[in-house]
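These are the residues of each chain, in order.
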Amino acid sequence: MQALWMVLAAFVFATMGVCVKIASAYFNSAELVFYRGLIGMAFLATLARAQGVSLKTAYPGMHAWRSTIGVASMGGWFYAIAHLPLATAMTLNYMSSIWIAAFLVGGALIAWRPGSGAGPLQQGPLVLTVMAGFVGVVMVLRPSLDPNEMFGGLIGLLSGLGSAFAYMQVMALGRIGEPEARTVFYFALGSAVVGGVATLLVGASAWEWGHAAWLLPIGVLAALGQLFMTRAYSGAKTQGAMLTVASLQYSGIVFAAIYSLVLFGDRITPMGWFGMALIMASGIAATVLRARAAPNAPAEEH
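Residues numbered from 1 in each chain as written. Predicted model: local features only at pLDDT ≥ 70, side-chain atom pairs only at ≥ 80, totals over all residues. Heavy atoms only, no water.

J.: Give me the overall build of the protein chain: which residues, what numbers.
T.: A tally of regular secondary structure across the protein chain gives 13 helices and zero strands. When the 302 residues of the protein chain are sorted by exposure, 51% land in the buried category. Within the protein chain, contacts between residues at least 6 apart in sequence are counted, and of these 89% link residues at least 24 apart. Within the structure as shown, the protein chain displays about 13,300 Å² of accessible surface, and the carbon and sulfur contribution to it stands at 71%. (Helix = DSSP H or I, 4+ residues; strand = E, 2+ residues; numbered from the N terminus. Buried < 20%, exposed > 50% of the residue type's maximum accessible area, 1.4 Å probe, protein only. Contact = heavy atoms within 4.5 Å. Areas by Shrake-Rupley, 256 points an atom, 1.4 Å probe, with all protein chains shown as cover.)

J.: So what about the environment of M280? Which residues, and what values?
T.: As for its position among the elements, M280 is in helix α13 (residues 270-293). Linking M280 and Y94, residues 186 residues apart in sequence, is a C-alpha distance of 8.1 Å. Beyond its immediate chain neighbours, meaning those up to four positions away, M280 contacts Y250, I253 and V254.

J.: Provide a residue-level description of helix α4 (residues 86-93), including the pertinent values.
T.: In an α-helix, one turn spans 3.6 residues, which is why side chains three or four residues apart end up on the same side. For α4, a buried count of eight out of eight residues is recorded, marking the element as mostly surrounded by other parts of the structure. Among the residues making up α4, those that are buried are L86, A87, T88, A89, M90, T91, L92 and N93.

J.: So, the packing of helix α3 (residues 60-83) against helix α8 (residues 180-202): which residues are in play, and what are the values?
T.: Running from N to C, α3 and α8 point in directions that differ by 60°, and their axes come no closer than 9 Å. On the basis of their axis angle, the class for α3 and α8 is oblique. Seen from above, α3 lies across α8 with right-handed handedness. Listed contacts from α8 to H63, R66, S67, G70, V71 and M74 of α3 are R182, T183, Y186, F187, G190, S191 and V194. Residues belonging to the contact of α3 with α8 are distributed by class as follows: five nonpolar, six polar and two charged. (Axes fitted to C-alpha atoms, helices over the stretch in contact; angles between N-to-C directions. Parallel < 35°, antiparallel > 145°, perpendicular 65-115°, else oblique. Left-handed = near helix turned anticlockwise from the far one by under 90°. Nonpolar A, V, L, I, M, F, W, Y, C, P; charged D, E, K, R; others polar.)

J.: Tell me about the packing of aromatic side chains, residues and numbers included.
T.: Counted according to the given criterion, the structure contains twelve aromatic pairs. Relative to Y250, the ring of Y94 lies with its centre 5.6 Å away and its plane at 50°, an arrangement referred to as tilted. Within this pair, whereas Y94 is found in the loop between α4 and α5 (96-111), its partner Y250 is found in the loop between α11 (239-248) and α12 (251-264), the two being separated by 156 residues in sequence. A residue is classified by how much of its surface remains accessible, and Y94, at 1% relative accessible area, is buried. Ring centres of F185 and Y186 lie 5.5 Å apart, and the angle between their planes is 80°; this geometry places the pair in the edge-to-face category. Every member of this aromatic cluster is reached through a ring pair, and the members are F27, F34, Y35, W207 and W209. Above the face of the F187 ring, R66 is positioned so that its terminal group lies 4.0 Å from the ring centre. (Phe/Tyr/Trp six-rings, centres within 6.5 Å; stacked < 30°, edge-to-face > 60°. Lys NZ or Arg CZ within 6 Å of the ring centre and 35° of its normal.)

J.: Residue-level account of the packing of helix α2 (residues 29-51) against α8, with values.
T.: Axis separation between α2 and α8 bottoms out at 7 Å; the angle between their running directions is 155°. One way to sum up the angle between α2 and α8 is to call them roughly antiparallel. Judged by the sense of rotation from one axis to the other, the crossing of α2 with α8 is left-handed. Its residues placed into classes, the contact of α2 with α8 shows 17 nonpolar, seven polar and two charged.

J.: Could you give me a rundown of a nonpolar patch on the surface, with the residues and numbers involved?
T.: A surface patch of nonpolar side chains, about 550 Å² in accessible area, is lined by V254, I258, L261, V262, L263 and W273. Of the residues forming the nonpolar patch, the biggest block, five residues, is contributed by α12. Note that W273 resides in helix α13. Taking the relative accessible area as the measure of exposure, W273 reaches 35% and is therefore partly exposed. (Patch = residues over 30% accessible without salt bridge, like charges linked within 9 Å, V, L, I, M, F, W, Y side chains within 5 Å. Salt bridge = Lys/Arg side-chain N within 4 Å of Asp/Glu carboxyl O.)

J.: Requested: an account of the environment of A181, with residues and values cited.
T.: Considering the arrangement of structural elements, one finds A181 in helix α8. Distance in space between the C-alpha atoms of A181 and Q51 is 8.8 Å, their sequence separation being 130 residues. Residues contacting A181, with those up to four places away along its chain left out, are L44, A48, Q51 and L227.

Listed below in structure tokens is the structure:
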């Protein structure tokens, strides 16, 4: 059942990406973040009330940190979706697992001292996995030499870095007992606040109801996707179940690629396809190796 929740979450997030792609023609990224948060707050407040979950928290600082880095990552992701093929933007955001592996490698090398036992060479497989992931990024972005798309690719890559930090914080909140609805509600609140301030700074787009109709599914699908993802992880009680669930998150790239080809007519070169496959394989390998190198490291979500 946990695997089903993860596949469903990946499909929901890919579908949300379609709505973001369409809405980005009429609204800037700051507005999308704002409306996504506002709609998500209303949806989650209703859900929390129905579940009897209080929105009051004893850990406002942890929620504030999760929201800050999460909103920055999401804003970068929305920008990448607007300026890149959907499959490319989704793939770059899924680099979070590889970023986490890179953090583990760096931490192990910094902490290592001669004669302390485990040496740097034991991190070799994880290092190779990280390198393979970044080779995949180069292959995904190499076919396009358009400066705008290259900048969008950089922003998309950084959104994956931000996601790595945000997802670790999500799991920390889960370990101290924060309910799913409360955690996602405060992230939606942060999205509304930060997105609203950014919209005031960069300006709002002209409002048309036909265009605005795409904003509602963005907020609803985002909230549902995060809840499904959290449920998938929270129900995975063993390491094997956790690894299976974490690996299945990469089905989101497959869903995004199908949408990219069918709905938007995007052209993905053979090198681009191979790069996407390499990132998927590296991400799954990084998840498995990370569990061996640091068994207590939290798993990420998207």
